[in-house]
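Geometric and topological summary
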Amino acid sequence: MAITRTLAGLTLAAAAATLALTAPAHAAASAPWGPYYAPGQAAKATGTLTATGEDHADLPTADVVRVSGKVQDNTRGAACGWAVFRITYRSGDQLPNREHWARDCSYRTPKQFSFTYRHVYQVELKVCAERKAAKPSLNCLYAGTWKTLYLSK
């Protein structure tokens, strides 16, 4: 009887191992985010983030991260709504980051955006409302707190 239980246990363990090897290792993780607002609700951003192919071998990163959404300017003046993203990615054994932003300068008419990055470790967001410019100001980039949208585990 003990031999039968042991063989049954080994058979179940072998079946579980086989299932683990044949199951998709890199399932997609999709999640909505937002709404997030600039101070005084002068701008708003909302959207979804999809991470596929998380790899935990050396540095945990997602193979591909796709972010899509809308940014909306809620001011009547010359200000614009900014959704500023900080993307931390794997480059060799380093984790540098870069900014990606979307801007909307039309009062309460949301602008859609979408972008994709590879080998992503973390995605953070900051929403700002400020003057129209080619890129967000240093105040937008460095004042306040970043909201974490994705962190590879």
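Residues numbered from 1 in each chain as written. Predicted model: local features only at pLDDT ≥ 70, side-chain atom pairs only at ≥ 80, totals over all residues. Heavy atoms only, no water.

Quick word on the pattern of salt bridges
Scanning the entire structure with this criterion turns up two salt bridges. In this structure, Asp 63 and Arg 118 form a salt bridge, with 3.1 Å as the shortest nitrogen-oxygen distance. Pair noted here: Asp 63 is in strand β3 (residues 61-73) and Arg 118 is in strand β6 (residues 111-131), with a separation of 55 residues, a long-range link. Since its relative accessible area comes to 47%, Arg 118 is described here as partly exposed. (Salt bridge = Lys/Arg side-chain N within 4 Å of Asp/Glu carboxyl O. Helix = DSSP H or I, 4+ residues; strand = E, 2+ residues; numbered from the N terminus. Buried < 20%, exposed > 50% of the residue type's maximum accessible area, 1.4 Å probe, protein only.)

Details of the side chain of Lys 126
Secondary-structure assignment places Lys 126 in strand β6. Buried and unpaired, Lys 126 has Glu 99 as its nearest opposite-charge partner, separated by 8.8 Å. A polar contact is formed between the side chain of Lys 126 and the backbone oxygen of Ala 143, at a distance of 2.6 Å. Sequence-distant contacts of Lys 126, defined by excluding residues within four places in its chain, comprise Trp 82, Ala 83, Val 84, Cys 140, Leu 141, Tyr 142, Ala 143, Gly 144, Thr 145 and Trp 146. (Lys, Arg positive; Asp, Glu negative; His and termini not counted. Polar contact = N/O pair within 3.5 Å; in protein donor to acceptor, adjacent residues only side chain to side chain. Contact = heavy atoms within 4.5 Å.)

With respect to the state of the cysteines
The full count for this structure, using the stated rule, is two disulfides. Linked covalently through their sulfurs, Cys 80 and Cys 105 form a disulfide whose S-S length is 1.9 Å. One disulfide, between Cys 80 and Cys 105, carries an S-S torsion of 100° and so falls in the right-handed class. Of this pair, Cys 80 sits in strand β4 (residues 79-89) while Cys 105 sits in the loop between β5 (97-104) and β6, placing them 25 residues apart in sequence. Paired through a disulfide, Cys 128 and Cys 140 show a sulfur-sulfur distance of 2.0 Å. Between Cys 128 and Cys 140 the disulfide shows an S-S torsion of about 90°. By sign, it is right-handed. In this pair, Cys 128 sits in strand β6 while Cys 140 sits in helix α2 (residues 138-142), placing the two residues twelve residues apart along the sequence. Neither Cys 128 nor Cys 140 differs from the other in exposure class; each is buried. (Disulfide = S-S within 2.5 Å.)

Some details on the nonpolar core
Grouped together as the largest cluster of nonpolar side chains are 23 residues, with contacts concentrated most on Trp 33, Leu 49, Val 65, Val 67, Phe 85, Phe 113 and Val 123. Elements represented by at least two residues in this core include exactly β2 (43-55), β3, β4, β6 and β7 (147-151). In terms of residue count, β6 provides more of this core than any other element does, seven residues in total. Residues in contact with Phe 85, not counting those within four places in the same chain, are Trp 33, Val 67, Arg 98, Glu 99, His 100, Phe 113, Phe 115, Val 123, Glu 124, Leu 125, Trp 146 and Leu 149. In terms of nonpolar packing, the next biggest core, distinct from the first, is built from seven residues, Trp 82, Cys 140, Leu 141 and Trp 146 among them. (Core = buried A, V, L, I, M, F, W, Y, C linked by side-chain atoms within 4.5 Å.)

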